Amino acid sequence: MTNTTTDTTRDAAEDTTAAPLDGFAALPRLMSQMTGDEKHGPAATSTLDALWVLYDRVLRVSPATADDPDRDRFLLSKGHGPMAYYAVLAAKGFFPTAWLPGFGSYDSPLGHHPDRLLVPGAEIGSGSLGHGLPLAVGTALGLRAQGRTDPAVWVLIGDAELDEGSNHEAIAYAGAVGLSRLHTLVIDNSSATHGWSGGIASRFEAAGWSATTVDGRDHEALYAAFTLPHPDRPHAVVARVEAKEYAGEPKPKAKAA
């Protein structure tokens, strides 16, 4: 948790001008500036490609339109691994790259979990597993009630979040009411305790969603999946990446009997 105020954010923004950086290649360098014992590196790097394709080619939001009522909304439910998210936001000019080395420090706006009051461009404060998809359903429903049919709502969740019952209630409701402006991106690094015959996409399809599974490192495949037509239905993209144990966090071995 970050113990600071919005004044810190405002002062930092006055000290350093945010400027967009070109290209995916800049992101590893930006991520390398964030250090610390609680950085959850694998949780962040698993999302990097998908986040970049979303912000670079799909989402209709920028620093200039971050408060526009008709902007697209992106909700990071996988908030315990925000390093890639911060790198992408910095690369797109939402805040200065000079903030990155202070990641997780007492007076930094960039906490170990994002805070929407401190991080420009962040739609929600997140980190507790299972909250993001229900919040995205509420956001899409609220926009529909306001008659705003243009904004798309995207939420990024980890596959392990599907162990939480709140997500299944959200999946069932969104499918039943046809929230067609709702999109869920599932980063699948084989962390979930449970599974489904036919894979994660089948869980969404059973509730009336459009769903597809792609290589989470293939930018063209991600873009095609993100922009797949899905009239009258919410849409889920399952992005398969390397299993968590191969990303630096080996699963504990079973004890010998």
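To be clear, the structure that these remarks concern was listed above.
Residue positions are counted from 1 within each chain, in the order its sequence is given. Only residues with pLDDT of at least 70 are given local features in this predicted model, and only at 80 or more are side-chain atom pairs given and counted; all residues enter the totals for whole chains, interfaces and linings. Note that water and hydrogens are dropped before the side-chain values are worked out from all heavy atoms of the structure.

**Observations regarding helix α6 (residues 132-145)**
Because each turn of an α-helix spans 3.6 residues, side chains separated by three or four positions in sequence point in the same direction.
Thought 1: Put simply, DSSP marks the helices as runs of H or I at least four residues long and the strands as runs of E at least two long, and each gets a number from the N terminus on. In this analysis, the expected span of each helix is defined as 1.5 Å times one less than the number of residues it contains. Between its first and last C-alpha atoms α6 spans 20 Å; for 14 residues at 1.5 Å apiece the expected length is 20 Å, and the two agree.
Thought 2: Looking at the packing, one finds that the buried side of α6 touches β1 (73-76), β2 (153-158), α7 (165-177) and β3 (182-188).
Thought 3: Among the residues trailing α6, Gly 147 stands out with phi positive, at a value near 80 degrees. Between two residues, a contact is recorded if the distance between any of their heavy atoms is within 4.5 Å.

**Let's talk about empty space enclosed by the protein**
Thought 1: A 1.4 Å probe that fits into a set of points on a 1 Å grid over the protein atoms alone but cannot get out defines a cavity; an open set with protein on both sides within 12 Å along at least five of seven lines defines a pocket, and lining residues are those with an atom within 4 Å of a point. Grid points are joined across faces, edges and corners, and a volume is the space filled by probe spheres set on the points. Applying the stated criterion to the full structure yields one cavity of 30 Å³ or more.
Thought 2: Taken as a whole, the largest cavity spans an internal volume of roughly 40 Å³.
Thought 3: In terms of lining residues, the largest cavity is bounded by Phe 74, Leu 75, Leu 76, Tyr 85, Pro 114, Ala 122, Glu 123, Ile 124 and Ser 126.
Thought 4: At three residues, β1 tops the list of elements feeding residues into the lining of the largest cavity.
Thought 5: Among the residues forming the lining of the largest cavity, the class breakdown is seven nonpolar, one polar and one charged. Three residue categories are used. Nonpolar comprises Ala, Val, Leu, Ile, Met, Phe, Trp, Tyr, Cys and Pro, charged comprises Asp, Glu, Lys and Arg, and polar comprises the others, including Gly.

**With respect to the sheet that holds β3**
Thought 1: Should DSSP find at least two bridges between two strands, the strands are regarded as paired. The parallel open sheet is built from five strands, whose spatial order is β1-β2-β3-β5-β4. Each edge of the open sheet carries a strand with a single partner, namely β1 and β4 (210-215). Put simply, the sheet's adjacent strands are angled 20 degrees from each other on average, direction ignored.
Thought 2: Two elements, β3 and strand β5 (residues 235-240), share six bridges in a ladder whose sense is parallel. Across the sheet, residue Ile 187 finds its bridge partner in β5, namely Ala 239.
Thought 3: Whenever a helix is involved, its axis is fitted only over the stretch in contact; in every case the axis is a line through C-alpha atoms, and angles between N-to-C directions fall within 0 to 180 degrees. Along the sheet, α6 makes contact with β1, β2 and β3, crossing β2 at roughly 170 degrees.

**Overview of the pattern of salt bridges**
Thought 1: Definition used for salt bridges: Asp or Glu carboxyl oxygen within 4 Å of a side-chain nitrogen of Lys or Arg. Counted according to the given criterion, the structure contains eight salt bridges.
Thought 2: Across the pair Asp 188 and Arg 240 runs a salt bridge, and its minimum N-O distance is 3.3 Å. With a gap of 52 residues between them, Asp 188 in strand β3 and Arg 240 in strand β5 connect regions that are remote in the sequence.
Thought 3: Per-residue accessibility, obtained with a 1.4 Å probe over protein chains only, is compared with the maximum for each type, and a residue is labelled buried under 20%, exposed over 50%, and partly exposed between these values. Here Arg 240 falls in the partly exposed class, since its relative accessible area comes to 34%.
Thought 4: For Glu 242, the salt bridge goes to Arg 217, with nearest N and O atoms at 2.6 Å.

Functional significance is not addressed by these values, which are geometric in nature.
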